[in-house]
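# A closer look at the structure
Spelled out from the first residue to the last, the chains are:
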Amino acid sequence: MMKAQEQKKLTLKKLKSLNTVWHPESTLVFKSPTEHKVIGRLVDGELIPLDKMAIELSDTWSLKIDESLLEEEVEEEVEEVEEVEEEVEEEVEEEVEEEVEEVEEVEEEVEEEQIKEVEPADDEREETKTDTEQAKDTEMPKNEKVLATLSNPDIDRIRSLKLVLITELGVLGVLEDKYRTELGVLEDKHRTELGVLEDKYRTEIVNYRHELGDKLIKTLKSHN
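Residues numbered from 1 in each chain as written. Predicted model: local features only at pLDDT ≥ 70, side-chain atom pairs only at ≥ 80, totals over all residues. Heavy atoms only, no water.

### Observations regarding the overall build of the protein
Where we set the bar: Strands are runs of DSSP state E lasting at least two residues, helices are runs of H or I lasting at least four, and both sets are numbered from the N terminus onward. Partly exposed residues are those whose accessible area sits between 20% and 50% of the maximum for their type, while under 20% is buried and over 50% is exposed, using a 1.4 Å probe and protein chains only. In what follows, residue pairs with any heavy atoms lying within 4.5 Å of each other are defined as contacts. In short, Shrake-Rupley with a 1.4 Å probe defines the accessible areas, and a residue's cover is counted only from the protein chains shown.
Across its full length, the protein holds seven helices and five strands. For the protein, with 224 residues in total, the buried portion stands at 21%. By sequence separation, contacts in the protein at least 24 residues apart represent 51% of the contacts at least 6 residues apart. When the accessible surface of the protein is totalled, it reaches about 17000 Å², and 51% of it is carbon and sulfur.

### Overview of the pairing of strand E5 (residues 46–49)
Note the following rule: Only strands joined by at least two bridges in the DSSP assignment are considered to pair.
Examined bridge by bridge, strand E4 (residues 38–43) and E5 share four bridges and lie antiparallel to one another. Note on E5: the bridge partner recorded for Val 43 is Glu 46.

### Some thoughts on empty space enclosed by the protein
In plain terms, the rule: With a 1 Å grid spanning the protein atoms alone, the term cavity applies to any set of points in which a 1.4 Å probe fits but cannot get out, the term pocket to an open set with protein on both sides within 12 Å along at least five of seven lines, and the term lining residue to any residue with an atom within 4 Å of a point. Grid points are joined across faces, edges and corners, and a volume is the space filled by probe spheres set on the points. In this count, Pro and Cys sit with the nonpolar residues alongside Ala, Val, Leu, Ile, Met, Phe, Trp and Tyr, while Asp, Glu, Lys and Arg are called charged and the others, Gly among them, polar.
Going through the model one piece at a time under the given rule, you end up with one cavity of 30 Å³ or more. The computed volume of the largest cavity comes to approximately 30 Å³. What lines the largest cavity is simply Glu 85, Val 88, Glu 89, Leu 172, Leu 175, Glu 176 and Tyr 179. When residues of the lining of the largest cavity are traced back to their parent elements, those giving at least two are helix H3 (67–118) and helix H7 (153–223). Residues that form the lining of the largest cavity fall into these classes: four nonpolar, no polar and three charged.

### With respect to the pairing of E4
A large share of E4 lies buried, amounting to five of its six residues. Note: strand E3 (residues 28–30) against E4, three bridges, orientation antiparallel. Residue pairing for E4: Phe 30 is matched across the bridge by Val 38. Once E4 ends, the chain turns through two residues before running back antiparallel as E5, passing Asp 44 with a positive phi of about 55°.

### Thoughts on the sheet that holds E3
Quick note on the threshold: Axes here refer to lines fitted to C-alpha atoms; in helices the fit is confined to the stretch in contact. Angles between the N-to-C directions go from 0 to 180 degrees.
One open sheet accounts for five strands, arranged E1-E2-E3-E4-E5; its pairing is antiparallel. Of all strands in the sheet, those bounded by a partner on one side alone are strand E1 (13–15) and E5. Across this sheet, the average inter-strand angle for adjacent strands is 40°, counted without regard to direction. In this fold helix H2 (residues 52–60) packs onto E3 and E4, with an angle of close to 110° to the strand it touches most, E4.

### Quick notes on the pattern of salt bridges
Note the following rule: When a carboxyl oxygen of Asp or Glu lies within 4 Å of a side-chain nitrogen of Lys or Arg, that pair is called a salt bridge.
Inspection of every chain in the model, using the stated rule, returns five salt bridges. A salt bridge links Glu 35 to Lys 37, with the shortest nitrogen-to-oxygen separation between them at 3.9 Å. Looking at Lys 37, the relative accessible area reads 32%, which means it is partly exposed. A salt bridge links Asp 51 to Arg 41; the shortest N-O distance between them is 2.8 Å. Taken together, the residues span a long stretch of sequence, with Asp 51 in the loop between E5 and H2 and Arg 41 in strand E4 at a distance of ten residues. By relative accessible area, which is 12% here, Arg 41 ends up buried.

### Comments concerning the nonpolar core
Here is the rule: Buried residues of nine kinds, namely Ala, Val, Leu, Ile, Met, Phe, Trp, Tyr and Cys, make up a nonpolar core once their side-chain atoms join them within 4.5 Å.
Counting 13 residues, the largest nonpolar core has Val 38, Leu 50, Leu 63, Ile 65 and Leu 70 as its most contacted members. Looking at this core, the element that brings in the most residues is H7, giving three residues. Other than its neighbours up to four places away in sequence, Leu 63 contacts Leu 10, Leu 28, Phe 30, Val 38, Ser 58 and Tyr 201. Formed by ten residues, the second largest nonpolar core is a distinct cluster that contains Val 81, Val 92, Leu 165 and Tyr 179.

### With respect to unusual backbone geometry
A positive phi angle is found at Asn 19, which is not glycine, with a value near 55°. Note on placement: Asn 19 falls in the loop between E1 and strand E2 (20–23). Among the residues examined, Asn 19 registers a relative accessible area of 61% and is labelled exposed. With phi around 70°, Thr 27 is a residue other than glycine that occupies positive phi space. Here Thr 27 shows up in the loop between E2 and E3.

### Observations concerning the confidence of the model for the protein
What counts here: Every residue carries a pLDDT, the predictor's confidence in it, which falls somewhere between 0 and 100.
Residues at a pLDDT of 70 or more form 78% of the protein, whose mean pLDDT is 77. At the low end of the mean pLDDT range in the protein sits helix H1 (residues 2–7), at 45; at the high end sits E3, at 96. Long-range and interchain partners of residues 1–7, a stretch whose pLDDT sits below 50, account for five contacts in this model, where long-range means more than four residues apart.

If you want it as structure tokens, here you go:
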């Protein structure tokens, strides 16, 4: 069947709506009336851009496809992956910023409360002024008093929030690695497909030249 289709002359028809020509039997549409490279299929009067079925039909009918369309498809997929990466990064950054602000607010509140607990009231400060001055050298600094209360629930909450931030930053790194890997796989996949197509068409060109050479020799022998 393949040989019969290859030997059969293609009957192309004008496609005025797209200013080109097409092959009704296979539904394949060409790039222009003079450049017979497949760009898609005509289904119910509408152009279906180059897809897997169009490529298979092109192979069946020994027709070339417009390889620039494959390159455009790769570029579009790469752009789509990059957009997703940017969106994920922005979302995670916003969440991290919000949680950092929340942690800072809690830290400020805790510090204010602890300072109030450490500092005596005004009337108490006046009554114990002499004792305070005498014990100045042995008094524990305020910072150490704050550190001494690190076991209270507010400090535990701060620690938990910090652990959450560290975890989310790790998730962000994993997502970045994931999308970089997917991008690399897509690029390798399409490079491989393009390489296969190039090898295929080179082989077909060589075979066609050999056929022409054989026909020419037969023609010359028949005339002799």
